[in-house]
Every structure is written in C-alpha cells, then in structure tokens.
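Structural overview for review
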Amino acid sequence: MDKRETIQKTEQYVRSLLENDASGHDWWHIDRVRRMGITLAKKEGADEFIVEMAALLHDVADEKIAGNEEKGLSAVTSWLEQMPLSNDDKEHIIDIISSVSFKGGHGKKPHTIEGMVVQDADRLDAIGAIGIARTFMYAGSRGHLMHDPFLPYREKITKEEYRHGRSTAINHFYEKLLKLKEWMNTESAKQIALKRHQFMERFLHQFYQEWDEQYENVN
Ligand code: ADP
Ligand code: NI
C-alpha cells in the first residue's frame with residue numbers, strides 16, 4: 001500500500017464514521033480542513049502526507065463522535081496500526097490529533113509545523129461565511145437562540161448556562177470566533193483569517209442594523 005492508497009483508505013474510513021453525524025463534524029468539514037491543510041502545508045513547507053492524514057482523522061477523536069476522547073484516540077491508534085506507516089509517523093499523527101481535536105487541547109500549541117497547519121486549517125473553517133453558517137447550525141442543533149438582545153455578551157459560558165439555553169449563536173462570536181484570528185500559528189493562515197474576520201465583522205454590523213430597524217419602525 002503506498003501513500004496514495006493509505007490516504008484513500010483513511011478517507012473511506014472517516015467518511016463511513018461521519019456519515020450520520022449531526023454535531024457539526026460532517027464529512028465536508030473534514031474535506032475542507034484537509035484541502036486547506038494541504039494549501040497551508042505547501043506555503044509553510046510542511047509534510048503534506050502527515051498533514052492530510054492528521055486532517056482526515058482530526059475529528060474522529062472528538063468526544064461528540066467517539067463518546068469520549070480516550071475511546072476516540074484509541075480508534076485512531078488502531079486504525080493507524082493497520083496502515084503501512086513508520087512508528088515516527090504514527091506517533092506524529094497521534095500527537096497532532098491530541099493537540100488539535102481535544103477540548104482541553106484547543107488552546108494548546110502543537111509541537112510541529114504539521115500540527116500548526118492542521119490546527120490553523122480547523123480554526124479557519126470556524127470563521128468567515130462558512131464559520132458563520134456552522135455556528136448557526138450548531139446553535140440550532142442545541143436548541144439555542146440565534147440572538148437575545150437582553151443577554152449581555154459573555155466571553156465564557158459555563159456548562160450550566162449552556163444546559164439552560166443561556167447561550168446564543170451570536171454570543172459564540174464573542175466567546176470564540178472573533179478571537180480566532182489572533183490564535184493562528186502560521187503567517188499564511190493569518191492572512192486568510194484576516195479576510196474572514198473582516199467578513200464576520202461586516203455580518204455582525206448588518207445583523208444589528210437589521211435587528212434595530214425593526215424597533216425603530218414600530219416607534
Ligand atoms: P471543530 O473542532 O471542528 O471546530 P467544534 O466542536 O469545536 O469543532 O465546533 C463545531 C462547530 O460548531 C464550529 O464551527 C464551532 O464554531 C461551532 N460551535 C461550537 N460551539 C458552539 C456554540 N456554543 N454555539 C455556536 N456554535 C458553536
Ligand atoms: Ni474540526
């Protein structure tokens with residue numbers, strides 16, 4: 001099995017796992033992260049094979065899919081065992097996935113350029129027009145409101161508040177999305193992030209404008 005086949009087999013495996021996923025980790029998210037990962041890898045001189053493999057597998061270890069993080073990571077490990085990879089490559093891919101996909105690892109800086117590229121690609125998919133769309137999909141799936149003008153913006157939401165619907169899609173921008181451009185590891189990702197960030201600011205501006213117009217018309 002050569003590298004191309006290893007990628008193809010891994011792609012099939014991930015597709016079949018995510019087929020029925022409704023938690024915002026559908027196959028097309030994985031495919032975008034993989035493609036963005038390869039683009040960034042070329043610019044940053046990172047190993048494209050490692051980046052593509054880690055991008056394909058990055059959400060398999062997510063607790064929303066695997067049940068919990070340990071189960072997810074052992075699924076990734078057993079998958080990699082079946083692939084013709086060197087031990088170094090296997091360990092490298094696992095290391096990337098544990099810093100990129102884990103909840104606790106979201107703020108953790110990856111150890112290698114390949115890890116930085118995959119983390120940047122995943123974060124770029126959370127901003128811009130697609131990031132906005134994903135946010136409203138996610139909020140809808142959790143039964144959150146789109147916006148609540150009486151809810152003060154908060155940068156931190158507790159689990160309790162989530163459970164009681166005290167979070168909104170709009171609040172997620174302040175909690176996370178507007179911060180992501182500062183969190184990019186690579187210069188190439190920072191450039192893309194800036195454009196996507198500016199689009200989110202325009203979106204929010206127009207959103208509030210339309211919202212406020214309704215009240216002005218009535219009074
Ligand atoms: P990933 O690591 O692939 O970005 P996440 O589980 O962190 O996956 O998020 C999936 C998508 O849902 C992202 O676009 C993210 O911004 C969005 N999201 C996560 N939490 C919330 C939330 N509380 N409200 C709205 N959108 C959210
Ligand atoms: Ni992801």
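The residue numbers shown here count from 1 along each chain, following its written sequence. As a convention, the first chain written is A and the first ligand written is 1, with the rest following in written order. Predicted model: local features are reported for residues with pLDDT of at least 70 only, side-chain atom pairs are reported and counted for 80 or more only, and whole-chain, interface and lining totals are derived from all residues. For the side-chain quantities, the full set of heavy atoms in the structure was used; hydrogens and water were omitted.

**A few points about the coordination of the nickel ion (ligand 2)**
Test applied: A donor here means any N, O or S atom no more than 2.8 Å from the metal (3.2 Å for Na, K and Ca); water is not included, so a site may seem to lack partners. Each helix is a run of DSSP H or I of at least 4 residues and each strand a run of E of at least 2, with the numbering of both proceeding from the N terminus. For the exposure calls, accessible area comes from a 1.4 Å probe over protein chains only, and a residue counts as buried if that area is under 20% of its type's maximum, exposed if over 50%, partly exposed in between.
Coordination of the nickel ion (ligand 2) by the protein comes from His-29 (NE2), His-58 (NE2), Asp-59 (OD) and Asp-122 (OD), over a distance range of 2.1 to 2.5 Å. Each donor residue of the nickel ion (ligand 2) belongs to the same chain, with the gaps between them written as H-x28-H-D-x62-D. You can see His-29 sitting in helix α2 (residues 27-44) and its partner Asp-59 sitting in the loop between α3 (48-57) and α4 (63-66), a full 30 residues away along the chain. Taking relative accessible area as the criterion, His-29 reaches 1% and is therefore assigned buried.

**Examining the domain arrangement of the protein**
For the record, the criterion: Throughout the structure description, domain borders are defined by an automatic or database domain assignment. Only heavy atoms matter for contacts: two residues are in contact if any of them lie within 4.5 Å across the pair. Throughout, the accessible surface (probe 1.4 Å) given up by two parts as they are put together, summed over both, is called the buried area. Think of a salt bridge as a Lys or Arg side-chain nitrogen and an Asp or Glu carboxyl oxygen that are within 4 Å of each other. Two N or O atoms count as a polar contact when they lie within 3.5 Å, although within protein this holds only if one can serve as hydrogen donor and the other as acceptor, and sequence-adjacent residues are included solely when both atoms are side-chain atoms. Only Asp, Glu, Lys and Arg are considered charged in this grouping, and only Ala, Val, Leu, Ile, Met, Phe, Trp, Tyr, Cys and Pro are considered nonpolar; every other residue, Gly among them, is considered polar.
For the protein, the assigned domains read domain 1 (1-105) and domain 2 (126-219). Here the C-alpha centroids of domain 1 and domain 2 sit 27 Å apart. Contacts between the two partners involve 10 residues from domain 1, matched on the other side by 11 residues from domain 2. Overall, the association of domain 1 and domain 2 removes approximately 780 Å² of surface from exposure, summing both partners, and the carbon and sulfur fraction of that is 57%. In this structure, the connection of domain 1 to domain 2 is made through 0 salt bridges. At the boundary of domain 1 and domain 2, one finds 2 residue pairs in polar contact (both at pLDDT 80 or more). Top element by residues in the side of domain 1 that touches domain 2 is α2. It accounts for 6 residues. By residue class, the composition of the side of domain 1 that touches domain 2 is 3 nonpolar, 3 polar and 4 charged.

**A short note on the environment of Phe-136**
Considering the arrangement of structural elements, one finds Phe-136 in helix α8 (residues 128-142). A relative accessible area of 24% means that Phe-136 is categorised as partly exposed. As a C-alpha pair, Phe-136 and Ala-169 span 33 residues in sequence and 5.7 Å in three-dimensional space.

**Concerning the packing of α3 against helix α6 (residues 87-100)**
Basically, it comes down to this: Helix axes are fitted to C-alpha atoms over the stretch in contact, other axes to C-alpha atoms as well, and angles between N-to-C directions run from 0 to 180 degrees. To sort the angles, those under 35 degrees are grouped as roughly parallel, those over 145 as roughly antiparallel, those from 65 to 115 as roughly perpendicular, and the leftovers as oblique. It is the rotation of the near helix from the far one that decides the hand of a crossing: anticlockwise by less than a right angle makes it left-handed, clockwise makes it right-handed.
Relative orientation of the contacting elements α3 and α6 amounts to 50 degrees, with a least axis distance of 9 Å. Viewed along their axes, α3 and α6 adopt a mutual orientation that is oblique. In this structure, the crossing between α3 and α6 has a hand that is right-handed. Here Ile-50, Met-53, Ala-54 and Leu-57 of α3 lie close against α6, whose contacting residues are Asp-89, His-92, Ile-93, Ile-96 and Ile-97.

**Section: the pattern of salt bridges**
On inspection of all chains with the given rule, the structure shows 11 salt bridges. In this structure, Asp-31 and Arg-35 form a salt bridge, with 2.9 Å as the shortest nitrogen-oxygen distance. Placement of both Asp-31 and Arg-35 in helix α2 is noted, with a separation of 4 residues, approximately one turn of the helix. The exposure class assigned to Asp-31 is buried, which follows from its relative accessible area of 6%. Salt-bridge contacts for Lys-181 lead to Glu-182; the nearest nitrogen and oxygen are separated by 2.6 Å. According to the relative accessible area criterion, Lys-181 is partly exposed, its value standing at 23%. On the basis of relative accessible area, Glu-182 is assigned to the exposed category, the value being 56%. Here the salt bridges share partners, and the residues they tie into one network are Glu-11, Arg-15, Asp-31, Arg-34, Arg-35 and Glu-52.

**Focus: α2**
Rules: Expected helix span is computed as 1.5 Å times (number of residues minus one).
Taking 1.5 Å per residue as the helical rise, α2 with its 18 residues ought to reach 26 Å, and the 25 Å between its terminal C-alpha atoms agrees with that figure. Along α2, the residues that are buried comprise Trp-27, His-29, Ile-30, Asp-31, Val-33, Arg-34, Met-36, Gly-37, Ile-38, Leu-40 and Ala-41. Gly-45, located one to two residues past α2, shows a positive phi value of around 70 degrees.

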